[in-house]
Amino acid sequence: MRKLGLALALLSMVCLVPSAFSQAPQVKVYWTTSGKFGPFPLQDLVPSLPKEKHRDVIIPVNMWVIDHPKGLVVFDTGNNAAVSDGKCNSYWDAGMCGLLKPSQKREDVIDAQLKTLGYAPEKVKVVITSHSHLDHIGNIKLFPNAVHVIQKKELYQAWWPEKFQRGGAFVMGDFDGPAREFNYLELEGDYDLFGDGTVMVLSTPGHTLGHQSVKVKLGSGKTMIMAQDAIWFTVNMEGYPAGLNYSVKDYNNSIQRLKMFRDLENADLFFGHDPDQYNQGGGKWYR
Ligand SMILES: [Zn+2]
């Protein structure tokens, strides 16, 4: 009788343990870059930087692949494929090419990288776009069948930016033509993408009118926050703001917001273009 009891207890454990695990979606994230920008002086992008912190940098153009049981997600699609292999001047404003010096090759473009990781690009269910600058929204046209998640204000701004926001950072070719007819999930604030709290879109305006970041709870239980251009570099966290902002007030509030999320959840916080962070942790999976 005792043996039967033991057997039943073991059986119930075998049955219970996997179901307990299956309640936490096994989410994993791959961190990559759409080629690099630079070299150029860091102080060109962060004019408030004190002299002792001046240095030349080559910076990543962060993109993220989020593998969730309910669907494959891409967070930012990098520079348009047309600027690859030294052809920047044919697609971007010459001033932007000269400033940013993109080194992207065709194999760095998000569709090619997805294939390398073993995913068919047409399997991407959701494209989240942090904001509509040329190094983040560049390849949404490669995903005509995805749901495109963007803040409603950001869509408006992309089409008709304020005069002081122009100057080549918004490239109409990235979102005109067929992209007009895409399925946009237009947000006005935060959003729980799959309804289970694992992939949270966070409103972080300031850099642009409708910038957004993403917070992911990995299968391991660890939380990672991808700030994208809400925070470009580590030095922005040290009180030296980025030189390109729609609203410095909102920019500072968004940094504070992300810091609080980081501290509350003991999360890792990733910046949009930080070279040291990328050299340490880029090009790999987080589980
Ligand atoms: Zn950027």
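Reading the values: rules and limits
- Residues numbered from 1 in each chain as written.
- Predicted model: local features only at pLDDT ≥ 70, side-chain atom pairs only at ≥ 80, totals over all residues.
- Heavy atoms only, no water.
- Core = buried A, V, L, I, M, F, W, Y, C linked by side-chain atoms within 4.5 Å.
- Buried < 20%, exposed > 50% of the residue type's maximum accessible area, 1.4 Å probe, protein only.
- Helix = DSSP H or I, 4+ residues; strand = E, 2+ residues; numbered from the N terminus.
- Contact = heavy atoms within 4.5 Å.
- Pairing = 2+ DSSP bridges.
- Axes fitted to C-alpha atoms, helices over the stretch in contact; angles between N-to-C directions.
- Phe/Tyr/Trp six-rings, centres within 6.5 Å; stacked < 30°, edge-to-face > 60°.
- Lys NZ or Arg CZ within 6 Å of the ring centre and 35° of its normal.

Undergrad: What should I look at first to understand the nonpolar core in this one?
TA: Proteins that are soluble and globular tend to have nonpolar side chains buried together. Judged by nonpolar contacts, the single largest core of 36 residues is most densely connected at Trp92, Ile231, Phe233, Leu258 and Leu269. The set of elements that each furnish at least two residues to this core consists of strand S1 (28-41), helix H2 (42-45), strand S2 (56-68), helix H3 (94-100), strand S8 (199-203), strand S10 (223-228), helix H6 (248-265) and strand S11 (268-271). The biggest single contributor to this core is H6, with four residues. Non-local contacts of Leu269, meaning those with residues more than four positions away in its chain, are made with Ile225, Ala227, Ile231, Met237, Leu258, Arg262 and Gln277. Within the second largest apolar cluster, 23 residues are counted, among which are Val27, Val29, Val149 and Leu187.

Undergrad: Please clarify how the sheet that holds S2 should be interpreted in this entry.
TA: Read from one edge to the other, the open sheet built from seven strands follows the order S6-S5-S4-S3-S2-S1-S12, with strand pairing classed as mixed. A strand with exactly one partner marks an edge of an open sheet, and here the two such strands are strand S6 (183-187) and strand S12 (284-286). Shown here is a sheet whose adjacent strand axes are inclined to one another by a mean of 25 degrees, direction ignored. Pairing analysis gives three bridges linking S1 to S12, with the strands arranged antiparallel. Bridging across to S12, Val29 finds its partner in Tyr286. Against the sheet, helix H4 (residues 110-117) engages S1, S2, strand S3 (71-75), strand S4 (124-128) and S12, with an angle of about 55 degrees to S2. With respect to the sheet, helix H5 (residues 152-159) is in contact with strand S5 (147-151) and S6, its orientation differing from that of S5 by roughly 85 degrees.

Undergrad: Hey, could you run me through the packing of aromatic side chains in this one?
TA: How two aromatic rings sit relative to each other is set out by the distance from centre to centre and by the angle between their planes. For the coordinates displayed, the defined rule picks out 13 aromatic pairs. Taking the centre distance of 5.4 Å and the plane angle of 65 degrees together, the rings of Trp64 and Phe270 count as edge-to-face. Taken together, the residues span a long stretch of sequence, with Trp64 in strand S2 and Phe270 in strand S11 at a distance of 206 residues. Neither residue differs from the other here; Trp64 and Phe270 are each classed as buried. In this structure, Arg180 is placed above the aromatic ring of Trp159, and the distance from its NZ or CZ to the ring centre is 4.2 Å. For Lys215, the ring lying beneath its charged end belongs to Phe261, and the centroid distance is 5.9 Å.

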